[in-house]
Amino acid sequence: MSELNAPLDIYKLLEGSNCRECGEATCLAFAAAVFRGQRLLSECPRLSPEVLEKYGDQTGESKKTIEEDMDRAMEEIRQRVRGVDLAEAAQRVGGHYNGRSLTVKVLGKNFRVQADGSLSADIHVNPWVSIPVLDHIINGRGTPPSGKWIPFRELSQGRTWQGLFEQRCEKPLKKIADTYTGLFEDMLEVFSGRQIEKHFDSDVSIVLWPLPRVPLLVCYWKPEEGMDSSLHLFFDRTVEDNLSINSIFSIGSGLVRMFELLAVKHEGRDRTYF
Ligand code: SF4
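Quick caveat: nothing in here was measured; it's all calculated off a predicted structure.

Undergrad: Go over the packing of helix H6 (residues 86–93) against helix H7 (residues 127–139), please, and point to the residues and values.
TA: Packed helices, taken two at a time, are described by their axes: the angle between them and the distance between them. Running from amino to carboxyl end, H6 crosses H7 at an angle of 105°, the nearest separation of the two axes being 8 Å. For the element pair H6 / H7, the angle class is roughly perpendicular. For the pair H6 and H7, the contacting residues are Ala89, Arg92 and Val93 in the first and His136, Ile137, Ile138 and Asn139 in the second. Residue classes in the contact of H6 with H7 are distributed as 4 nonpolar, 2 polar and 1 charged.

Here's what the structure looks like:
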């Protein structure tokens, strides 16, 4: 039986009609639920018998969860860091090497990598963020930002991932921005963001630095006159020199999780998250 290793692999098998017969709002939501182990592939009534025979009930047999996948990916990439010249990598990625560890700023906070692959940070980072940071240290070319912003769909494989990126990154972040009024303030204060001249007529334009060579522009348009709000993320034109498309997607998902946690903590008036 063939392996399905990502939500997108599952999504590609589906009809894409968003017919809702499975009870999910979209095929993408169904694919994500299958990947998380919450639904069985066979619960889509529109799958052909050939596809079912080929892929079977992945969730029933593998019981693989996203978290297990991330843990495995984290361990693999830490092993790969052990072969990296950290002094050279520090220069390339805009970090600092002190003879023992490489320190790089992640959202303005210190993130340290030892030669044995162990990590420590002044910020609570989840594997969705740590893995792309390590990928950047291993593979990033270190190209400086150009100052030219492009949307996710204009990346070389952006169109393939666009739907998933919207579902997992832009829409959840918009929801946080709509309900948690302190989000942009915290982006500036807690995550060392910088407010810039408004881009694309947005009401809020903030640049964050997930990595020194990888800026991220967050643009938010407030709701007005019956129009819903919207939020979009923009990347520097050089981003693919520094991160793979998987890592760009992962870092977006990881940031959303961090902001969600911050919003929840803030609701409880507890801002000791960092
Ligand atoms: S039933 Fe199948 S085709 Fe219809 S929305 Fe669900 S996953 Fe998509």
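Undergrad: An account of the site of the ligand is needed here, citing residue identities and associated values.
TA: Residues in contact with the ligand, as listed here, are Glu15, Ser17, Asn18, Cys19, Arg20, Glu21, Cys22, Cys27, Phe30, Cys44 and Pro45. Along the lines of polarity and charge, the residues of the shell around the ligand split into 6 nonpolar, 2 polar and 3 charged.

Undergrad: Would you mind going over the domain arrangement of the chain in detail, with residue names and values included?
TA: Per the domain assignment, the segments of the chain are domain 1 (7–64), domain 2 (67–139) and domain 3 (149–267). In this structure, domain 2 and domain 3 have C-alpha centres spaced 22 Å apart. Across the contact, 22 residues belong to domain 2 and 23 residues belong to domain 3. Sorting the residues of domain 2 by area buried against domain 3 places Leu107, Trp128 and His136 first, and these three jointly supply 42% of that buried surface. Summed over the shared surface of domain 2 and domain 3, the number is 9 residue pairs in polar contact (both at pLDDT 80 or more). Of all the elements in the fold, those that place two or more residues in the side of domain 2 that touches domain 3 are helix H5 (66–81), H6, strand S2 (101–106) and H7. Here the side of domain 2 that touches domain 3 takes 6 residues from H7, the largest share from any one element.

Undergrad: An account of the pattern of salt bridges is needed here, citing residue identities and associated values.
TA: Summed over all chains, the structure comprises 8 salt bridges. Arg46 is the salt-bridge partner of Glu21, the closest N and O atoms lying 2.6 Å from each other. Placement of the pair is Glu21 in the loop between helix H1 (7–11) and helix H2 (27–35) and Arg46 in the loop between H2 and helix H3 (49–55), with a sequence separation of 25 residues. Under the relative-accessibility criterion, Arg46 is labelled partly exposed at 38%. In this structure, Glu76 and Arg72 form a salt bridge, with 3.5 Å as the shortest nitrogen-oxygen distance. Here the residue Glu76 and the residue Arg72 both occupy positions in helix H5, the gap between them amounting to 4 residues, near one helical turn. Each of Glu15, Glu21 and Arg46 takes part in one network of salt bridges that share partners.

Undergrad: Residue-level account of the pairing of strand S9 (residues 230–236), with values.
TA: Most of S9 is tucked away: 5 of the 7 residues are buried. As paired strands, strand S5 (residues 149–151) and S9 are joined by 3 bridges and run antiparallel to one another. Bridging from a neighbouring strand, Trp149 pairs with Asp236 of S9. Of the strand pairs in this sheet, strand S8 (residues 214–221) and S9 are connected by 6 bridges, and their pairing is antiparallel. By the bridge assignment, Leu216 is partnered in S9 with Phe235.

Undergrad: I'd love a proper account of the sheet that holds S9, names of residues and values included.
TA: With antiparallel pairing, 5 strands are arranged side by side in an open sheet as S5-S9-S8-S7-S6. The outermost strands of the open sheet, each flanked by one partner alone, are S5 and strand S6 (194–195). Two elements, strand S7 (residues 204–211) and S8, share 6 bridges in a ladder whose sense is antiparallel. In the strand pairing of S8, Leu208 is matched with Leu216. In the packing of helix H8 (residues 158–179) onto the sheet, the strands contacted are S8 and S9, and the crossing angle to S9 comes to about 125°.

What counts, and at which threshold
- Within each chain, residue numbers correspond to sequence positions counted from 1 in written order.
- Note on the predicted model: pLDDT of at least 70 is required for a residue's local features to be given, and 80 or more for side-chain atom pairs to be given and counted; whole-chain, interface and lining totals, by contrast, use all residues.
- Remark: hydrogens and water are excluded; side-chain values derive from all non-hydrogen atoms of the structure.
- Each axis is a line fitted through C-alpha atoms, taken for helices only over the stretch in contact, and angles between the N-to-C directions span 0 to 180 degrees.
- Elements are defined by DSSP. Helices are runs of H or I of four residues or more, strands are runs of E of two residues or more, and each kind is numbered from the N terminus.
- The labels follow the angle: roughly parallel below 35 degrees, roughly antiparallel above 145, roughly perpendicular from 65 to 115, and oblique for the rest.
- When checking whether two residues touch, look at their non-hydrogen atoms; a contact exists if any pair is within 4.5 Å.
- Polarity classes work like this: nonpolar for Ala, Val, Leu, Ile, Met, Phe, Trp, Tyr, Cys and Pro, charged for Asp, Glu, Lys and Arg, and polar for all others, with Gly in that last group.
- A single heavy atom is enough: if one lies within 4 Å of a molecule or strand, its residue is considered near that molecule or strand.
- Note that domain bounds follow an automatic or database assignment of domains.
- As used here, buried area is the combined drop in accessible area, with a 1.4 Å probe, of two parts when they are placed together.
- Polar contact is defined as a pair of N or O atoms within 3.5 Å, subject to the rule that within protein one atom must be able to donate a hydrogen and the other to accept it, and that residues adjacent in sequence are counted only when both atoms are side-chain atoms.
- The term salt bridge refers to a pairing of a side-chain nitrogen on Lys or Arg with a carboxyl oxygen on Asp or Glu at a separation within 4 Å.
- Partly exposed describes any residue whose relative accessible area lies between the buried limit of under 20% and the exposed limit of over 50%, with all areas from a 1.4 Å probe on protein chains only and scaled to the type maximum.
- The pairing criterion for strands is at least two bridges between them, as found by DSSP.

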